[in-house]
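For reference, the chains in residue letters:
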Amino acid sequence: MQKVYSKVTDSFNFFQGKNPIELAEKYGTPLYVYNERVIRQKCREIKKFVKYPKFVVDYSSKANTNIAFLQIVKSEGLEVDAVSPGEILAAKKAGFKPDEIFYISNNVSKDEMQYAIDAGVKISVDSLEQLEQYGQFNPGGEISVRFNPGVGAGHNIKVVTGGKKTKFGVNHEYVPQVKEILKKYNLKLIGINQHIGSLFIDDKAFVKSIGNLFDIARQFDDLTFIDMGGGFGVSYKKEEGQMGIDLEKLGKVMDEELSKFAKEYGKEIIFRIEPGRYVSAEAGVLLGTVHAVKYNGPDKFAGTDIGFNVLQRPVMYDSYHGIEIYRKSDVKSEKKELITVVGNVCESGDMLAKERMLPEIFKGDIIGVLDAGAYGYSMASNYNNRLRPAEVLIRENGDVVLIRERDTLDDLLRHQISL
Ligand code: LLP
């Protein structure tokens, strides 16, 4: 392989000696490739960044729900947060026990709530009406309420989940009403939770939100846990030297705050967090094939098989993902040029990377999209009746195993009923 541009994956030996071109040939593209060693390393980093003894990390499975991925996370001693019956099912299948699953519901139907109650998992509700519904279904039960701490953060307005103008959480002003409903149905509020948004590198808003959440916690006597949510940011611009969140610095602040609150609350209290991206983003690279290179006027395009049905983030949030190029052919070029990397979906917005300065790209090149382990496959779709990709895992010993088959054409017709 003529490695043209693989500085980032080389820097942490992502492919562990495996050749991405051979992976692409063997399994086809588009292909999500995960690295077990990196998943485990990320789990360990996030588990130990706070020293407070009763600190539980729930991996937020929406970032990557593959069962093999969840099994690795489980074996590292993390618990899990789920947001749908499907995620509860996946977590159970991966071996999580009901009390290791925290179901964070949002506007759920009666059936869905009943499913979670029957599954025996911990449940959080995020409106007074849903608390009332829970009370009717499970009087005398234990419940957690998601509060809006009044502060938000995140890489895009679409993923800011705290503060004004978001649908999430119960506003702190409604604490008296929460208490009334708890009393009416003899419910025990065992936890409160929050999530202020996804991908913050600066931790100021997060630290502020913890203080606000503690103010709410002081108004309830029976809490066994306080869940501060996820959102811990990773760097998507490693080539430019951008750093992810400074966990060491945040850990020190949190340890101080958590111990202080625990002392004041006067009971043993568990603190939880729910990172999704931190655990999974850097553990995945998405491989695609360049099928055509062309000009439209002065603009050059590299056409690949990575449409936004495969990776939605660039189109949905204007997200940046680093791109590497792996070349099998003998073509040599020292040139770097501005190029827009696009997919194969019938929409002109189907752009993976806009006007990026990259080494010259040729037909037949394999591209690697970096940091694709979070919200990659989990947001993939069959739009344009395209097949969702396969997923493989590089095990710690270097073996590569298939952990999800590519869709087949028959899958596309499976649930359709012809006239
Ligand atoms: N907890 C709750 C309640 C959440 O809603 C989320 C993410 C998380 C935890 C995990 O957040 P993380 O640590 O992964 O940032 N699709 C978007 C991200 C959406 C996040 C939604 N909620 C993206 O690709 O950037």
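Above this text sits the structure in question.
Quick caveat, the model's predicted, so the values are computed rather than measured.

Some remarks on the layout of surface pockets
Link 1 in the chain: Considered as a void within the structure, the largest pocket measures approximately 740 Å³ in volume.
Link 2 in the chain: Lys-62, Thr-161, Phe-168, His-195 and Tyr-375 are the residues nearest the centre of the largest pocket, which is lined by 34 residues in total.
Link 3 in the chain: Sorting the residues of the lining of the largest pocket by element identifies helix H11 (277-280) and helix H12 (313-317) as the ones contributing at least two each.
Link 4 in the chain: A breakdown of the residues in the lining of the largest pocket according to their chemical character gives 12 nonpolar, 13 polar and 9 charged.
Link 5 in the chain: Composition of the lining of the largest pocket by domain shows at least three residues from each of domain 1 (2-34 + 282-413) and domain 2 (36-279).
Link 6 in the chain: Along the walls of the second largest pocket sit 22 residues, with Lys-42, Glu-45, Gly-244, Ile-245 and Tyr-278 positioned nearest its centre.
Link 7 in the chain: The set of elements that each furnish at least two residues to the lining of the second largest pocket consists of helix H3 (36-48) and helix H10 (247-265).
Link 8 in the chain: In terms of residues, the lining of the second largest pocket owes the most to one element, H10, which gives 5 residues.
Link 9 in the chain: A breakdown of the residues in the lining of the second largest pocket according to their chemical character gives 6 nonpolar, 6 polar and 10 charged.

Focus: H10
Link 1 in the chain: For H10, built from 19 residues, the straight-helix expectation of 27 Å at 1.5 Å per residue is met to within 8% by its first-to-last C-alpha distance of 25 Å.
Link 2 in the chain: Here H10 has its buried residues at Leu-247, Leu-250, Gly-251, Met-254, Asp-255, Leu-258, Phe-261, Ala-262 and Tyr-265. Down the axis of H10, the sector holding all buried residues measures 150°, keeping them to one side. What points out from H10, more than 90 degrees from its buried face, is the exposed set Lys-252, Glu-256, Lys-260 and Lys-263.
Link 3 in the chain: Buried positions along H10 lie against H3, helix H9 (204-217), strand S10 (225-227), strand S11 (270-273) and H11.
Link 4 in the chain: N-capping of H10 is provided by Asp-246, with a side-chain oxygen placed 3.3 Å from the backbone N of Glu-248.

Some remarks on the packing of aromatic side chains
Link 1 in the chain: Tallied over the full model, the rule gives 20 aromatic pairs.
Link 2 in the chain: When the ring of Phe-49 is compared with that of Phe-55, the centres are 5.9 Å apart and the planes differ by 80°; the resulting orientation is edge-to-face.
Link 3 in the chain: On the numbers, 5.6 Å between centres and 35° between planes, the contact of Phe-308 with Tyr-383 is tilted. Remark: Tyr-383 occurs in the loop between strand S17 (366-369) and strand S18 (390-394) and Phe-308 occurs in the loop between strand S13 (299-304) and H12; sequence separation between them is 75 residues.
Link 4 in the chain: Given a relative accessible area of 14%, Phe-308 falls into the buried group.
Link 5 in the chain: A relative accessible area of 35% means that Tyr-383 is categorised as partly exposed.
Link 6 in the chain: By the ring-pair criterion, three or more aromatic residues cluster together here, those being Tyr-32, Tyr-34, Tyr-59, Phe-69 and Tyr-377.

Details of the site of the ligand
Link 1 in the chain: Around the ligand there are 19 residues in total, and His-155, Ser-198, Glu-274, Arg-313 and Tyr-375 lie nearest to it.
Link 2 in the chain: Side-chain polar atom of His-155 to an oxygen atom of the ligand: 2.7 Å apart, as the coordinates give it.
Link 3 in the chain: In this structure, Glu-274 approaches the ligand through a side-chain N or O atom, which is 2.5 Å from a nitrogen atom.
Link 4 in the chain: When the ligand sits alone it has 580 Å² of accessible area, and the protein chains cover 92% of it.
Link 5 in the chain: More than half of the atoms belonging to the ligand lie within 2 Å of the grid points that define the largest pocket.
Link 6 in the chain: When grouped by side-chain class, the residues that make up the shell around the ligand number 6 nonpolar, 7 polar and 6 charged.
Link 7 in the chain: Residues lining the shell around the ligand come from more than one domain, with at least three contributed by each of domain 1 (2-34 + 282-413) and domain 2 (36-279).

What counts and what doesn't
- Residues numbered from 1 in each chain as written.
- Predicted model: local features only at pLDDT ≥ 70, side-chain atom pairs only at ≥ 80, totals over all residues.
- Heavy atoms only, no water.
- 1 Å grid on protein atoms, 1.4 Å probe; cavity = no way out; pocket = protein on both sides within 12 Å on 5 of 7 lines; lining within 4 Å.
- Points joined across faces, edges and corners; volume = space filled by probe spheres on them.
- Helix = DSSP H or I, 4+ residues; strand = E, 2+ residues; numbered from the N terminus.
- Nonpolar A, V, L, I, M, F, W, Y, C, P; charged D, E, K, R; others polar.
- Domains from an automatic or database assignment.
- Expected span 1.5 Å × (residues − 1).
- Buried < 20%, exposed > 50% of the residue type's maximum accessible area, 1.4 Å probe, protein only.
- Arc of directions from axis to C-beta.
- Contact = heavy atoms within 4.5 Å.
- Polar contact = N/O pair within 3.5 Å; in protein donor to acceptor, adjacent residues only side chain to side chain.
- Phe/Tyr/Trp six-rings, centres within 6.5 Å; stacked < 30°, edge-to-face > 60°.
- Near = heavy atom within 4 Å.
- Areas by Shrake-Rupley, 256 points an atom, 1.4 Å probe, with all protein chains shown as cover.
- Sits in = over half its atoms within 2 Å of the grid points.

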